[in-house]
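What follows is the residue order along each chain.
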Amino acid sequence: MADNPGGLAVRTKRVFINKIDSYASMYIAKFLSTCVPGESLEGDEKEDEETIASQDQDNSTFQERTFQIVGTVSSTDGEEQSFTFEQYSSDNRHELYQRLMDCDVIVYNITEDANELHEAAWAITALHGQIEHFGVPKIFILVTPLMTWALTRQDQDDPDMPLTEDDFRRRRPHPNYRELSAVEKNVLRLGKTKKSRLTTYVVTSGLQYGRGEGIFHSFFKMAWVGEMDKIPIYGTGTNMVPTIHINDLAGVIQNIIDHKPKESFFFAVDNSKNTLKDIIKAISLHLGSGKTEVVPKEAALQAKVLTPAELEYLNINLRAEASSVRNSLNVQWACETGFVENINLIIAEYKTIRQLLPIKICVLGPPAVGKSTVAQKLSRFYKIQYIDVKDIYTEKIKSLGAENETERKTNETETAPGGLDEQTLHKLVKDKLRSMPCTNHGFVLDGFPRTYSEAKYFYHEEYAGVDDGSPEMHALTAAIMPEYIFSLDATDEFLKRRVLNLPESTAVQMGYTQEAFLSKLAAFREANVEDQTVLNYFDELELHPEHIEINDLEDRDSLAVIEQITALVGKPKDYGLTPEELRAVELKADLLRQEQLRQQAAERRCKEAQEAARIATELEKWKRHVTEVRRQEEELLEARSFPLRNYLMKYVMPTLSQGLLESYRAKADDPVDFLAEYLLRSNSEDD
């Protein structure tokens, strides 16, 4: 809310935009969220910009004056957009209707998702049905693709004459877009019934570009990644493609809201006359190898680079002119002259929006400190170019012919690739640093420049007439100047011990034989005396080097150093893995997990088998032990019972046997009593 002069709260205009999480709708919404209603009006109607600037010092006050954005999103899983007043995701038409009624302006963008067509058709019909219940007049804007004009014939008398808004009645749509054409007509028809309450507009947009790219993004990515030597042009490429920068499309919509023009149909296209081939060639030239190739349209579908709808858009052949936009509106164009003419601006936007910024590193230090190992690992981690002066020299010599091979072998040393003067060598290094891969992705310099004087000469030799600290000098050297300088420091004693620990073959290959290494180390120390080191040069430019102490002989892969550097530089600034690479990584990780599970299961089974065998062995041992104990007990009992048996057999059994015989002879009535009395008598007689 903003307070008017009378002290009453006045709500700023509220704008509904569908699918604000898609490319075009998002940037239209972002643009309008920074605009104050009426800002684009001319003359007395336009607010004074200085007054606005003074009033909008407080950001919260400024936001209260700008359009309030209400939008739908495909899913609520993502974070809420900072530029929206409200966003929601729902298929409930009643909820949607309530939000439409709360808004002053309704914008339906159909250029990216044809499925939104039916919702847009329902929305205009529902609003028109409640036209008498509007609290305030409403504006309905339908943004459509040029496919509703795809088969419209140019003027037979003047084929070069572009189509204009006046040709609306004779337009012929692509067969797949006839329904959209009918909806356009319906929107315009419903807007004529009561213009004081509901005004409708149709804005037919060219192919949108800018702010990270829309339909052209796949071509930008191919060129930037650099994996394809030639960027494909799907189709002949000779077709004329109407285009518009996404901010210019948003500006057209802003102007329509502010001006409420009498015209109800607008072309939103720039002034370019670019063919598809012109556009792809510009992308390749300024972002890639500069090469293109014409391939069949079907190749795009097979490679899954473009959707069928996008392929239809790219192969439209139409010349259109936005005469009504230029005659009736006050658009502040970002790229009025078109895609090719503004390619540098578009690429700068693309890199900034997608954070595809080059990472430029310089690794310095004495011989044998591990510069090359660190630089090569950083090159692989960040996917940037590894720059070694010796490699550049070698490539140059090879390109000059085989007759220089002997000279190359003779002169290939660390301190100087002889045979090339310093100026020529510097030019080769600069050409490499200014190559497209280095410009796009970045580079890591391995041990170059080596001295203060070499650094000063290398960065300034082309610009002798420019002051060192001037903005002009900064702009001239920015492309080849590293952003991060790392100095790997180590004592002479440590470096000597490291070289001594190298295998002899490795030492010879690296040129680190004892005599050669000591000579190189002495030369390095002599060339980098205090206050005259290459590090001092970067310090003077406010590019302060980071010092990393190397003192671990066991860390031959420099893992600790890489960890320190990546923590300071940050994550790679690139696309990361492609969906295919991501699936491959996930598959590899899944296979690795399965293999680990199999190994763990096998180890578990092995341990279980070993434990079962151990238990069986212990059980068998225990059984043998029990058997032995029982045997010994039996033997002991046997031994202990022997004297008692002898006594019984000698003194008891004879008498007992005789008593039993006597009992039998006497035929006693009670044999037990008889036997007892007999034994008693026998015992008395013995006494």
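Residues numbered from 1 in each chain as written. Predicted model: local features only at pLDDT ≥ 70, side-chain atom pairs only at ≥ 80, totals over all residues. Heavy atoms only, no water.

(A) Main features of the environment of Asp-552. The topology assignment puts Asp-552 in the loop between strand S18 (546–549) and helix H25 (559–569). For the pair Asp-552 and Arg-498, spaced 54 residues apart in sequence, the C-alpha separation works out to 9.4 Å. In contact with Asp-552, other than residues within four places in its own chain, are Phe-494 and Arg-498. Within the structure, the side chain of Asp-552 is placed 3.0 Å from the backbone nitrogen of Glu-554, a separation counted as a polar contact. (Helix = DSSP H or I, 4+ residues; strand = E, 2+ residues; numbered from the N terminus. Contact = heavy atoms within 4.5 Å. Polar contact = N/O pair within 3.5 Å; in protein donor to acceptor, adjacent residues only side chain to side chain.)

(B) Up close: unusual backbone geometry. Look at the link from Phe-448 to Pro-449: it is a cis peptide, with omega at -5°. You can see Pro-449 is positioned in the loop between strand S16 (442–446) and helix H19 (452–460). Despite not being glycine, Ala-368 shows a phi value in the positive range, around 70°. As for its placement among the helices and strands, Ala-368 is situated in the loop between strand S14 (359–364) and helix H14 (371–382). Classification of Ala-368 as buried rests on a relative accessible area of 9%. (Buried < 20%, exposed > 50% of the residue type's maximum accessible area, 1.4 Å probe, protein only.)

(C) Layout of the confidence of the model for the chain. Taken over all residues, the pLDDT of the chain has a mean of 85, while the share at 70 or more is 88%. The model gives residues 1–10 a pLDDT under 50, and that stretch makes 11 contacts with residues more than four places away or in other chains. Note on residues 406–416: pLDDT is under 50 here. Beyond four places in sequence and across chains, it has 20 contacts. (pLDDT = per-residue confidence, 0-100.)

(D) Layout of the packing of aromatic side chains. The final tally for this structure, using the stated rule, is 23 aromatic pairs. With a centroid separation of 5.7 Å and an interplanar angle of 70°, the aromatic rings of Tyr-23 and Tyr-27 are classed as edge-to-face. With Tyr-23 and Tyr-27 both in helix H1 (residues 23–33) and 4 residues apart, the pair spans about one turn of that helix. Neither Tyr-23 nor Tyr-27 differs from the other in exposure class; each is buried. Judged by centre distance (6.1 Å) and plane angle (85°), the ring pair of Tyr-452 and Tyr-537 falls under edge-to-face. Taken as a pair, Tyr-452 in helix H19 and Tyr-537 in helix H24 (residues 534–540) lie far apart in primary sequence, 85 residues in all. Residue class for Tyr-452 comes out buried when judged on its relative accessible area of 15%. Members of the aromatic cluster, joined through ring pairs, are Phe-448, Tyr-452, Phe-458, Tyr-459, Tyr-537 and Phe-538. (Phe/Tyr/Trp six-rings, centres within 6.5 Å; stacked < 30°, edge-to-face > 60°.)

(E) Spatial organisation of H25. Regarding H25, the residues found buried are Val-561, Ile-562, Ile-565, Thr-566 and Val-569. Buried residues of H25, viewed axially, fall in a sector of 125°; they line one side. In H25, the exposed positions angled more than 90 degrees off the buried face are occupied by Leu-559, Glu-563 and Ala-567. In the core, the buried residues of H25 are packed alongside S14, H14, strand S17 (484–489) and S18. At the exit of H25 stands Gly-570, carrying a positive phi of roughly 105°. (Arc of directions from axis to C-beta.)

(F) Quick peek at a nonpolar patch on the surface. A contiguous nonpolar patch, built from Leu-644, Tyr-647, Leu-648, Met-649, Tyr-651, Val-652 and Met-653 and spanning about 680 Å² of accessible area, is present on the exposed surface. Here Tyr-647 is to be found in helix H26 (residues 579–666). Assessed through its relative accessible area of 45%, Tyr-647 is described here as partly exposed. (Patch = residues over 30% accessible without salt bridge, like charges linked within 9 Å, V, L, I, M, F, W, Y side chains within 5 Å. Areas by Shrake-Rupley, 256 points an atom, 1.4 Å probe, with all protein chains shown as cover. Salt bridge = Lys/Arg side-chain N within 4 Å of Asp/Glu carboxyl O.)

(G) Seen up close, the environment of Lys-297. Tracing the backbone shows Lys-297 in the loop between strand S13 (291–295) and helix H10 (298–302). Sequence separation between Lys-297 and Thr-236 is 61 residues, and the spatial gap between their C-alpha atoms is 8.6 Å. The residues touching Lys-297, leaving out its near neighbours within four places in the chain, are Tyr-234, Gly-235, Leu-311 and Asn-315.

(H) Up close: the nonpolar core. Ranked by internal contacts, the top residues of the largest apolar core, which has 110 residues, are Tyr-108, Phe-140, Ile-141 and Phe-216. Setting aside chain neighbours within four positions, we find Ile-141 in contact with Val-105, Ile-106, Val-107, Tyr-108, Tyr-201, Val-203, Ile-253, Ile-256 and Ile-257. Among the nonpolar cores identified, the runner-up in size contains 27 residues, and Ala-375, Tyr-382, Tyr-512 and Ile-550 belong to it. (Core = buried A, V, L, I, M, F, W, Y, C linked by side-chain atoms within 4.5 Å.)

(I) Looking closely at the sheet that holds strand S15 (residues 385–387). Taken together, the 5 strands give an open sheet; going across it, the order is S15-S16-S14-S17-S18, and neighbouring strands pair in parallel fashion. A single partner strand is all that each edge strand has here, and the edge strands are S15 and S18. In this sheet, adjacent strand axes meet at a mean angle of 20° when their direction is disregarded. Pairing of S14 with S17 involves 4 bridges; the strand directions are parallel. By the bridge assignment for S17, Cys-362 is matched with Ile-485. (Pairing = 2+ DSSP bridges. Axes fitted to C-alpha atoms, helices over the stretch in contact; angles between N-to-C directions.)

(J) View of the packing of helix H9 (residues 276–287) against helix H13 (residues 343–353). At a minimum axis distance of 11 Å, the contact between H9 and H13 shows a crossing angle of 65°. Here H13 runs roughly perpendicular to H9, going by the angle between their axes. The hand of the H9/H13 crossing is right-handed. Counting all contacts with H9, which are made through Ala-282, Ile-283, His-286 and Leu-287, the residues of H13 involved are Ile-343, Asn-344, Ile-347, Tyr-350 and Lys-351. Across the contact of H9 with H13, the residue classes tally to 6 nonpolar, 2 polar and 1 charged. (Parallel < 35°, antiparallel > 145°, perpendicular 65-115°, else oblique. Left-handed = near helix turned anticlockwise from the far one by under 90°. Nonpolar A, V, L, I, M, F, W, Y, C, P; charged D, E, K, R; others polar.)

(K) Representation of the pattern of salt bridges within the structure. Evaluation of the coordinates by the stated rule reveals 17 salt bridges. For the salt bridge of Arg-624 with Glu-620, the shortest nitrogen-to-oxygen distance reads 3.9 Å. Taken together, the residues Arg-624 and Glu-620, both in helix H26 and 4 residues apart, mark about one turn of the helix. Look at Glu-620 and you get partly exposed, because its relative accessible area is 40%.

(L) Examining the environment of Arg-614 more closely. Mapped onto the elements, Arg-614 comes out in helix H26. For Arg-614, a relative accessible area of 42% corresponds to the partly exposed category. Side chain to side chain, Arg-614 and Glu-611 meet in a polar contact 2.4 Å long.

(M) Quick peek at the sheet that holds strand S7 (residues 138–145). On the basis of which strands lie adjacent, the open sheet formed by 7 strands has the order S5-S4-S3-S6-S7-S8-S12 and parallel pairing. Two strands close off the open sheet at either side, each with one partner strand: strand S5 (86–88) and strand S12 (265–268). Ignoring which end each strand starts from, the neighbouring axes of this sheet average 15° apart. Where strand S4 (residues 68–72) and S5 come together, 3 bridges link them in parallel fashion. Paired with Thr-72 across the bridge in S5 is Tyr-88. Sitting on the sheet, H1 is in contact with strand S3 (14–17), S4 and strand S6 (105–109), with an inclination near 170° to S3. In the packing of helix H6 (residues 178–190) onto the sheet, contacts are made with S7 and strand S8 (198–205), and the angle to S8 comes to roughly 145°.

(N) Spotlight on the side chain of Asn-274. Tracing the sequence through the fold places Asn-274 in the loop between S12 and H9. Exposure remark for Asn-274: the relative accessible area of 11% places this residue in the buried category. Non-local contacts of Asn-274, meaning those with residues more than four positions away in its chain, are made with Asn-239, Met-240, Val-241, Ile-279, Gly-338, Phe-339 and Val-340.

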